[in-house]
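Letter by letter, the chains look like this.
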Amino acid sequence: MATTASQTAEGTSQARLASKALNLPPVSFFVVSAIFHYLGPALAVLLFAHVAALGVMWLRVAAAAVVFAVWRRPWRLAGRLDRRQRTTLLSLGIVLAGMNAMFYLAIARLPLATVGATEFLGTVVLAAFGARSRRNTVALVLTVAGVAALTVVQVEARPLGLVFAFGNCAGFMLYVVLGHRVANTTVPGTTVPSTTVPGTTVPGNTVPDTTVPDTTGTRRVTGIDQLGAAMLIGAVVATPAGFGAALPAFTHPAWLAWGVGVGVCSSVIPYVMDQLAMARLPRATFALMLALLPAFATITGAVVLGQIPTVRELAGIALVIVGVAVHRTDADTPDRR
């Protein structure tokens, strides 16, 4: 009996803590996401001295897949999604594996800030095609100019790195398209179990508990659960290319723990924080905040990796930031939650 009471008290305490965390300003979720978005890759670059880039990529995806599997048990979605939705998750898993491979092969050859800024070229291109406006044309010109300033120096020195960087950019575009479909997945004909709404007591008036009966309707499937399923698929897809390269980490516990840390920092914390931020921020506001990510990449590369940008690179990053800040999709006007 005492044990049950203790467990109930512990559960209540955890629920209160979670409630307080969810009530934090939504900008705080984005800041945490931005910090870890490039902290993980910076740690990965340092791990390249011991494990090949594709091996680190596999450790990242596999570690994230394990975390999501234990936390969300995403395989439960299989029976709830139709064929088209399962195909979308399969495609997203393949894109996650390919995008991560391209990203790691790129940052093994190019500065983190250059790869991070190039990644956002795809976002602005999508906006320009989705909403053909003068504003998006200006945003596209600014972003292309910024990426050109960042990459022109690398064309002759590291051409293969640029190929991987633009391959990652293409993968990021597909990720945005598929991620949007996943975020809007609903399952019709879903039975929502009955719930009990506790009553209230005020002086002179008592409202009894109310039971809401089972209902059948359309229910949204959480993006985090679907992301977990896609990450499991991505881990399977990445295994042929990366598992062999990751084997040295299994003989060094410190390297293996390092790789797991990269996965948590890169593919768990940022994605979950993004979901929490997007649920409470208008899309236009969130898109504006994305413009700060190249700046976070620059700061992280300088502090963790000692990659001090040149004046030309700073100018290019500034153009990309302005371009991402300027761009707008149809859905951003007016702002919607």
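Above this text you will find the structure in question.
Let us look at the structure shown here.

Looking only at helices and strands, the chain has 14 helices and six strands in total. A total of 337 residues make up the chain; the buried ones form 42% of that total. Long-range contacts, defined here as pairs at least 24 residues apart, represent 84% of the contacts in the chain between residues at least 6 apart. Working note: accessible area of the chain is about 17,100 Å², and carbon and sulfur atoms make up 67% of it.

Let us look at the environment of alanine 302. Structurally, alanine 302 is set in helix α13 (residues 293-305). Note: C-alpha distance between alanine 302 and leucine 112 (190 residues apart in sequence) is 9.1 Å. Those residues in contact with alanine 302, other than ones at most four positions away along the chain, are Gln307 and Ile308.

A few words now on a nonpolar patch on the surface. Judged by side-chain polarity, Val27, Val31 and Ile35 come together as a nonpolar surface patch covering roughly 200 Å² of accessible area. Take valine 31: it is sitting in helix α2 (residues 26-47). By relative accessible area, which is 35% here, valine 31 ends up partly exposed.

Turning our attention to the packing of aromatic side chains. What describes a pair of aromatic rings is the distance from one ring centre to the other and the angle between the planes of the rings. A complete count under the given rule lists eight aromatic pairs for this structure. Among the aromatic residues, those joined into a ring-pair cluster are Phe48, Phe103 and Tyr104. In this arrangement the basic side chain of arginine 72 is found over the ring face of tryptophan 71, its NZ or CZ atom lying 5.0 Å from the centre.

Thresholds applied
- Residues numbered from 1 in each chain as written.
- Predicted model: local features only at pLDDT ≥ 70, side-chain atom pairs only at ≥ 80, totals over all residues.
- Heavy atoms only, no water.
- Helix = DSSP H or I, 4+ residues; strand = E, 2+ residues; numbered from the N terminus.
- Buried < 20%, exposed > 50% of the residue type's maximum accessible area, 1.4 Å probe, protein only.
- Contact = heavy atoms within 4.5 Å.
- Areas by Shrake-Rupley, 256 points an atom, 1.4 Å probe, with all protein chains shown as cover.
- Patch = residues over 30% accessible without salt bridge, like charges linked within 9 Å, V, L, I, M, F, W, Y side chains within 5 Å.
- Salt bridge = Lys/Arg side-chain N within 4 Å of Asp/Glu carboxyl O.
- Phe/Tyr/Trp six-rings, centres within 6.5 Å; stacked < 30°, edge-to-face > 60°.
- Lys NZ or Arg CZ within 6 Å of the ring centre and 35° of its normal.

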